[in-house]
Amino acid sequence: MANYSEDFTPQEMIVVAGSKTLIDNKVVFAGTGLPMVAITLAQLTHGPGIVPVFEAGAVGPELSRGLPLSVGGSRTTYKANYLLGLNSAFELTQRGFCDFGFIGGAEIDPYGNLNSTMMGRFPEDYQKPKTRLPGSGGASDMACSCERTIIIMVHEPRRFAEKISYITSPGYLDGSPNARWRAGLVGQGPYRVITTKAVMGFDDETKRMKLIATMPGETVNSVQDATGFKLIIPDDVYEFEPPTVEEVRLIREVIDPQGYFVRKKIKE
Amino acid sequence: MANYSEDFTPQEMIVVAGSKTLIDNKVVFAGTGLPMVAITLAQLTHGPGIVPVFEAGAVGPELSRGLPLSVGGSRTTYKANYLLGLNSAFELTQRGFCDFGFIGGAEIDPYGNLNSTMMGRFPEDYQKPKTRLPGSGGASDMACSCERTIIIMVHEPRRFAEKISYITSPGYLDGSPNARWRAGLVGQGPYRVITTKAVMGFDDETKRMKLIATMPGETVNSVQDATGFKLIIPDDVYEFEPPTVEEVRLIREVIDPQGYFVRKKIKE
Amino acid sequence: MIEWTGLSPDEARQFLANKDKSKRDKRMSLKEAVQKFVKDGDNVGVGGFVNARQPVAIVHEIIRQGRKDLTLSFASAGLGPEYLAGAMALDESKNSIKRMEFAYFAHEAFGISPLLRYLTENNKVELEDWSNYDMSARLKAGSIGIPFIPCRSPLGSDMLKTNRAKVIDCPFTGRPIMLLPASHPNVAIIHVQEADIYGNCRTQGPMFTCPEMSMASAHTIITCDRLIEHDDMTRFPNRVTIPFFSVDAVIEVPFGAFPGNCNGLYYFDEKHTAEFRGACEKLRKGDPTPLQNYYDTYIFGVENTTELINKIPLSQIQYIQKIEPGIRLDAGYTVLG
Amino acid sequence: MIEWTGLSPDEARQFLANKDKSKRDKRMSLKEAVQKFVKDGDNVGVGGFVNARQPVAIVHEIIRQGRKDLTLSFASAGLGPEYLAGAMALDESKNSIKRMEFAYFAHEAFGISPLLRYLTENNKVELEDWSNYDMSARLKAGSIGIPFIPCRSPLGSDMLKTNRAKVIDCPFTGRPIMLLPASHPNVAIIHVQEADIYGNCRTQGPMFTCPEMSMASAHTIITCDRLIEHDDMTRFPNRVTIPFFSVDAVIEVPFGAFPGNCNGLYYFDEKHTAEFRGACEKLRKGDPTPLQNYYDTYIFGVENTTELINKIPLSQIQYIQKIEPGIRLDAGYTVLG
């Protein structure tokens, strides 16, 4: 039986769940922050053959020179297999070379559409938003053109909204049949949403978010309560296994010892 | 007074005239064959600052390792200032980096349109031409997007035709006002046509070919007789000066000693 | 058809066709380069990516001289626009950003951009949101002389409601496809590791969108950590990333991307970045004094980057050199060139 | 909308999305690679440019195995299509070209292509003429996953009357612009100087359209003059020109581009090229015997390129190595990697 950790943080749980969602030998386009931590953890555990792609240009580097602080920083370039620039990285994705994209956002709706642009009324207040967020970066490009998308989110009711302020990164759009195909998109869309409270997927037919597993300590009800829209709750929801002691050690001691992306405090 | 050569060949005359047409410090996109010889001669005489561009990718190489036998061969790459591939070379041109394009063709019409694709009826016999030529290569791209084009031709009546079999490389199209602009082209079009018998330009208004100078030994009449359409003959036609002994020596001994492009025989 | 910022495709072609593209010595002082090539009202392409190879030295000189009504074009950036926004926040009559065409303005691991919030939430700039690929592809279209380029992202997003992209049915497949208008900034400001006196650049690590940005723009100012011999440059023509005829000014500025990362030479200076960003955050919250002090010390109080670097403890400079994991440029310098 | 040759953009995306893109040892024999990845009826992308880095070894193996109804896609080529056309002229029941999408088929300084004339003037192939930039840009569009790319040349030419390009009014400028449909060959055949066992390629000299062709195609076969250590390859990631996940088979074939030019390794073998081209010209004029003898000696009479090279006088091989002016690959090999 696995030796489970007893003092992991919600962020560490996200990282471990994200890592487990990744499949060995797949090409994974890495958004900045927790996705980079999860990919590195996967490479150190079950996925040594994962090929990370960074939007600034690096393909398939060894992530052994320290956690990248930026998807364009030097730590993404060590022993890379290919290294040009932003156009080349996104072109590879648009062509179909990237199996998974791994991104975050500030708000998400039931169809997996993400907002990382602004909070407030759109379009009325676009030029003077209530809160301005950093913007798409490459997240919307990954959401559009990676074959599947894995989304990492903080799980709060205001962040899980039936209607989000702004669609930055397309999920299943309005959820209508073939909505992505009809919009001209090439990737298949969101695969998993991994949060501090749950792992979710999407209903094949309605494309609405459905619960797959609750994080340790959470229940179906506590997850639903933290979600601003009605989740589909299938019969086979299970509890996600906690991180092992070794996984937590790798995160804390090997991957992000300075706590750049995985904060040190136990609870947020 | 210049020390003129007395045994130059018509091809050598073309090369020298082509060389003299080039201006120092300009970027010149070089078609294969005689244009490469003329550019090298210009670099060795009045134009050391000419920047040659070769369609396979090389920009600004030193042409000191022997005459290139191909615009994609290694001799185009020595000390190049930039060296990617075909797309990059043509993209530079389309953007506006190339002042002159230097090309040839099998047939030309009064508006400087060139054929290097096929002889015979078009479109009826396109799939089974009377004579098939090698095809555009990059000539049509240079004719379209270099700021100006210099054309090198053998001067025979059948090659100078009111109507050519196929327009491979656009000149002034039908000669109507702004025909190139209206077609969507960006370059200004043909600047000079340099042949075994004459140097020609184009009338500002009608865009038809006009005689500028006759080659040594030729007359206005002998040029018109060798031309399958009516040339505009202005009052100020002059005789082009013959190659100097030194120019001929450079071609024969330094640039193309094996006679790859400048054949050795005195008359064609 | 659409309103172009910077140059329209036809203007950009015309401008370049008439430009002197000769191979000549382009060294000048950074002061002179900014005087000559950065004007009030310009669309300025900001090279680098987030905080890597940001053209910090050039931005500081622009701030010292003062430029108004700039449009900034970039995919993702942090330090460059933050410094300009800070100058604007301190004295709008001297420096100002009028508009931004961009995908991301923040500092990744070092936090969000306080001044993006300050500028936008107070409606001080015009915004046009794009994705990283969009901005990169727009500059690529500009660099290759086509008026637009097709792109599949972000089809379906709200960005299409506010930016100038158009969606058409593809005439070959019948499916919707987005067309991005080319971008032709008036001037690109770019920092690289190595350049020669003619402007040929040898960049290592990620290229970001620097080559496209230079070739798309009417003018390009290059700062480089090291000026190298032309013969060293052309010994490896395949490694030249920006050709000389795309460049107008070359200035050797060691640490020209500080406190950002410059692949092979120095890693992020987290400490200095935090000092600057912290001052920006205080301004956003109402206290401009720390930011004014920062500018007085590091920008207005110095003539150039050399004087700025002299104010950083040597141990800190040694540290960011030591932890830089990119391939040592010494190899690229001594062996390659 | 239009008839696609090779894969349509949506088929090409689907195919690649489902493909195993893992980093694995892709070495196999050339025989096996051609058996696996080149099928009758395929659209074959021919790498190289005119007679430089033509994939001669791969073409010879295709001829030995026999493939029918091929569509050839290339910008400018000489040796590659000439060898295939010769095999077709000698025995159409074993090898045949059905269609060519191309810009130029000849040998520059070494003369025109006798067999282009033979094939076309006897109406034995379907032709689609493009310019060099068109074919390069079509493959680029394919490699970057867009269904078409705008291009300004050759607007106004007769090529537009027979090929599948479309001219529209630009929705941003109002001026006419040409749209080129993407090209997605079934298989790209490419020779490079150096590759590793995973398929990463380091090409020097002109890139031609090789990277785009590989990334646009469903499959890629790479022959390389030298297989190098993976660690040597990734020591200089900026020099990798084709990434491993775009490649299906890697075969070390020294002199795989002979008698053509391979930058840094060997220059054109004019003598051998003239021997081959002379035999082609004789076939065109009615005498197939010299060409049959040539094929019997150098293609059907050998198992592989090693055996072919053994039939060339050593002095001739030494000569083409000696006169090659490209940067010596030894520098790239020992020092760079």
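Undergrad: When you look at the interface of chain C and chain D in this model, what are you seeing that I'm missing?
TA: Think of interface size as the accessible area that goes away when the parts come together; that is how it is often given. The partner chain D presents 41 residues to the 41 residues of chain C that form the contact. Looking only at chain C, the three residues that lose the most surface to chain D are Phe 148, Phe 172 and Asn 238 of chain C, adding up to 22% of its buried area. On inspection of chain C and its partner chain D, the count reaches two salt bridges. Its salt-bridge partner being Asp 10 of chain C, residue Arg 175 of chain D comes within 2.8 Å of it at the nearest N-O pair.

Undergrad: Help me out: how do you make sense of helix H9 (residues 270-284) of chain D in this one?
TA: Given 3.6 residues per helical turn, the α-helix brings residues three or four places apart onto the same face. Residues and elements named next belong to chain D. With 15 residues, H9 should reach 21 Å at 1.5 Å per residue; the first-to-last C-alpha distance of 21 Å fits that figure. All buried positions along H9 are accounted for by His 272, Thr 273, Phe 276, Arg 277, Ala 279, Cys 280, Glu 281 and Leu 283. Looking at the packing, one finds that the buried side of H9 touches helix H4 (79-90), helix H5 (114-121) and helix H10 (289-298).

Undergrad: Teacher, can you tell me more about the sheet that holds strand E8 (residues 166-169) of chain D here?
TA: Paired through their backbone hydrogen bonds, the strands of a sheet run either parallel or antiparallel. Residues and elements named next belong to chain D. Taken in spatial order, the three strands line up as E7-E9-E8 in an open sheet, and their pairing is antiparallel. A strand with exactly one partner marks an edge of an open sheet, and here the two such strands are strand E7 (148-151) and E8. Put simply, the sheet's adjacent strands are angled 35° from each other on average, direction ignored. As defined by bridge partners, E7 adjoins strand E9 (residues 176-181) across four bridges and the pair is classed as antiparallel. Counterpart to Pro 150 in the pairing with E9 is Leu 179.

Undergrad: I'm lost on the confidence of the model for chain C in this one. Help?
TA: Reading fine detail from the predicted coordinates is not recommended where pLDDT is low. Residues and elements named next belong to chain C. Looking at chain C as a whole, its pLDDT mean stands at 96, while 97% of the residues score no less than 70. In the model, residues 331-337 has pLDDT below 50 throughout and makes 19 contacts with residues more than four positions away in sequence or in other chains. In the predicted assembly, ipTM is 0.97 and pTM is 0.97.

Undergrad: Sorry if this is basic, but what is going on with the relation of the copies chain C and chain D here?
TA: Relating one copy of the chain to the other takes a rotation about an axis and a shift parallel to that axis. By a simple turn and slide, chain C fits onto chain D: the slide is 0.0 Å along the axis, the RMSD is 0.0 Å, and the turn is 180°. Taken together, the rotation angle and the small translation identify this as a two-fold axis. If distances are taken from each C-alpha of chain C to the rotation axis, the shortest is found for Ile 149 of chain C, at 3.3 Å. Both copies contact each other with a shared surface, as 100% of the interface residues of chain C are interface residues in chain D too.

Undergrad: Looking at this structure, how should I read the pattern of salt bridges?
TA: Proximity of charged atoms lets side chains of opposite charge pair with each other. Scanning the entire structure with this criterion turns up 70 salt bridges over all chains. As a salt-bridge pair, Asp 99 of chain A and Lys 21 of chain D come within 2.9 Å of each other at their nearest N and O atoms. Taken together, the residues Asp 99 of chain A in the loop between helix H3 (86-95) and strand E5 (100-104) and Lys 21 of chain D in the loop between helix H1 (9-17) and helix H2 (30-37) connect one chain to another. Exposure class is identical for Asp 99 of chain A and Lys 21 of chain D. Each is buried. One salt bridge in this structure joins Arg 99 of chain C and Glu 128 of chain C, with 2.8 Å as the shortest N-O distance. Note that Arg 99 of chain C is positioned in strand E4 (residues 97-102) and Glu 128 of chain C in strand E6 (residues 126-129), a separation of 29 residues in sequence. Within the structure, one salt-bridge network assembled from shared partners comprises Arg 99, Glu 101, Glu 126, Glu 128, Arg 138 and Arg 164 of chain C.

What counts and how
Residues numbered from 1 in each chain as written. Chains lettered and ligands numbered in written order. Predicted model: local features only at pLDDT ≥ 70, side-chain atom pairs only at ≥ 80, totals over all residues. Heavy atoms only, no water. Contact = heavy atoms within 4.5 Å. Buried area = accessible area lost by both parts, 1.4 Å probe. Salt bridge = Lys/Arg side-chain N within 4 Å of Asp/Glu carboxyl O. Helix = DSSP H or I, 4+ residues; strand = E, 2+ residues; numbered from the N terminus. Expected span 1.5 Å × (residues − 1). Buried < 20%, exposed > 50% of the residue type's maximum accessible area, 1.4 Å probe, protein only. Pairing = 2+ DSSP bridges. Axes fitted to C-alpha atoms, helices over the stretch in contact; angles between N-to-C directions. pLDDT = per-residue confidence, 0-100. Least-squares fit on C-alpha atoms with pLDDT ≥ 70 in both.

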